[in-house]
Each structure stands twice: as structure tokens, then as C-alpha cells.
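Each chain, letter by letter, is given below.
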Amino acid sequence: MQHTTRFCVVRHGETDWNREYRLQGHTDIPLNPTGQEQAASLSRALWPGRYAFDALYVSDLTRTRQTAAPLQTRLSLTPTYSAELRERHMGVFQGLTYAEAEQTIRDDYLQLKSRDPDYDLKGGESLNVFMRRIRDGFTSIARSHLGQTLLVVTHGGVLEMMYRLATGKPMSEARDFPIPNAALNWLSYCDGRWQVEQWADESHLPAALDEIQ
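The structure presented is a predicted model; accordingly, all values stated were derived computationally and were not measured. (Residues numbered from 1 in each chain as written. Predicted model: local features only at pLDDT ≥ 70, side-chain atom pairs only at ≥ 80, totals over all residues. Heavy atoms only, no water.)

K.L.:
Any chance you could break down the packing of helix H2 (residues 33-45) against helix H3 (residues 62-75) for me, citing the residues and the numbers?
P.N.:
Axes are the key here: two packed helices are described by the angle between their axes and the distance separating the axes. At a minimum axis distance of 8 Å, the contact between H2 and H3 shows a crossing angle of 30°. Judged on the interaxial angle alone, H3 and H2 are roughly parallel. When you trace H2 past H3, the crossing you get is right-handed. Listed contacts from H3 to Ala39, Leu42, Ser43 and Arg44 of H2 are Gln66, Thr67, Pro70, Leu71 and Arg74. (Axes fitted to C-alpha atoms, helices over the stretch in contact; angles between N-to-C directions. Helix = DSSP H or I, 4+ residues; strand = E, 2+ residues; numbered from the N terminus. Parallel < 35°, antiparallel > 145°, perpendicular 65-115°, else oblique. Left-handed = near helix turned anticlockwise from the far one by under 90°. Contact = heavy atoms within 4.5 Å.)

K.L.:
Please provide a residue-by-residue account of the nonpolar core, values included.
P.N.:
Residues Phe7, Phe138 and Trp194 are the most contacted members of the largest nonpolar core, which totals 28 residues. Where this core is concerned, the elements lending two or more residues are strand E1 (5-11), strand E2 (55-59), helix H6 (127-144), strand E4 (149-154), helix H7 (156-167), strand E5 (184-190) and strand E6 (193-201). In terms of residue count, the dominant contributor to this core is H6 (seven residues). Not counting the four nearest positions on each side in its chain, Phe7 is found in contact with Phe138, Ile141, Ala142, Leu150, Val152, Asn185, Trp186, Leu187, Tyr189 and Trp194. Among the nonpolar cores identified, the runner-up in size contains 16 residues, and Leu46, Val58, Leu151 and Val153 belong to it. (Core = buried A, V, L, I, M, F, W, Y, C linked by side-chain atoms within 4.5 Å. Buried < 20%, exposed > 50% of the residue type's maximum accessible area, 1.4 Å probe, protein only.)

K.L.:
Explain H2 to me, and be specific about the residues and the numbers.
P.N.:
Given 3.6 residues to a turn, an α-helix orients residues that are three or four positions apart in the same direction. Taking 1.5 Å of rise per residue, 13 residues should cover 18 Å, and H2 covers 18 Å from first to last C-alpha, within 8% of that figure. Along H2, the residues that are buried comprise Gly35, Gln38, Ala39, Ser41, Leu42, Ser43 and Ala45. Among the structural elements, E1, H3 and E5 are those in contact with the buried residues of H2. Regarding H2, its N-cap is Asn32, as a side-chain oxygen of that residue lies 3.1 Å from the backbone nitrogen of Thr34 further along. (Expected span 1.5 Å × (residues − 1). Polar contact = N/O pair within 3.5 Å; in protein donor to acceptor, adjacent residues only side chain to side chain.)

K.L.:
I'd love a proper account of the side chain of Ser126, names of residues and values included.
P.N.:
Within the secondary structure layout, Ser126 lies in the loop between helix H5 (106-113) and H6. Residue Ser126 is classed as buried on the basis of its relative accessible area, which comes to 5%. Separated by 3.5 Å, the side chain of Ser126 and the backbone oxygen of Pro117 make a polar contact. If sequence neighbours within four positions are ignored, Ser126 has contacts with Arg88, Pro117, Asp118, Tyr119 and Asp120.

K.L.:
Can you explain the environment of Ser203? Please cite residues and give values.
P.N.:
Position of Ser203 relative to the elements: it lies in the segment after E6. Given the relative accessible area of 66%, Ser203 is considered exposed. Taking the C-alpha atoms as reference points, Ser203 and Ala45, 158 residues apart in sequence, are found 9.0 Å from one another. At a separation of 2.8 Å, a polar atom in the side chain of Ser203 contacts the side chain of Asp201.

Okay, here's the thing in C-alpha cells:
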């Protein structure tokens, strides 16, 4: 018998580094006031009478924990924090904007922009390694909750990997789909296959920044 597991996957609220278009990776940056407001709006949108979630999974970084805090209270769910749901480790790029990287580490910047799937960002994660981490982590969660509906608070890069996994969009192609802060993204898993049900629902938000490409 087939059991479909549904996921509502949310990127964390805005941070000051998002506002500066600065690459965060594993750097532990908190939400800014806008991000805190987005987290509150998110909790109001996901009220229990409208949605029923069986579990809440959260990246263990501060910005995702802060985004999830109003949700766990509103939905009466105990979060499971997981390092597997962290953003891609950006290696030498962490803390830099793309403009700064182009000026200070130009050869690395050009290799990053080439989308070489095996380039590890000098101490970070290659796209292939990152994809395997996210694919294996989400698949493990899905198989532990067959037939249930789950809420996941994570990061923009994670959402990019899940969209590519579900649609088959190659890693070599530039991203052409939005990943706003605190938007709702619905995916499903059934019999080993992922599918996008709805993407980038911002109806509960006044405005949200897109993920850096």
C-alpha cells in the first residue's frame, strides 16, 4: 500500500545578512526585526484549525529555531532539531557578498558561478555532497512518517535542492524559481518519488526577500 507523506517546508525569516545579500552558510546569524515579524505572521497563517501537522523538524541554527518558536507554541508541537537540515556550508564564501567574493577571491568566485557540482568551496560542501545530505535527510524523515503531514523550517539552499530533486531540474542550470523568506512550499513523497504541490506561497506576508542565487 502506498502512503503519501506531505511536507510544508519553510525558509527561515529574514536576517541582516539576507538584507545585505551576504552568504551565511553555517554561520549562526539571528533573525532581524523583519524576520521576527515574518515568524509571527507564519504562525498566524498555520493555525491549527486550518492545518494539522504530525511533526515539526527544524534546522539547528539560530535563525531557523527563532522562526520555528512561535509555530511550536501555536501548533503544540515539540521540534526535532537536526544539523542535517542546515544550509549548505559555503566554505571560503561564508561572510562575503558575491561582489566581495568577485573582488577578493575571483578565481573561486568564477568556479562557484560555473556551477561545478564537485567544487567544495575550499572547505565547504560541493553541490553534489549538499544534495546527498538533503535528499537522504528528507527521505529518512518521510519514511519515518509515512502517510503524515510534516512541517519543516530550514534554509533557502535546502529548498533549492528539494525543488531540483522533485522536478529533475539539473544542478548545472541556474535557479529560475523563487525561494522567499518564510513562504510556504508544499512537497509530497510517495513510493520513493518527490513532487512539488505548491511553491512560494507568500499570501500571509507583506514582502519577503528571495534567496541569493
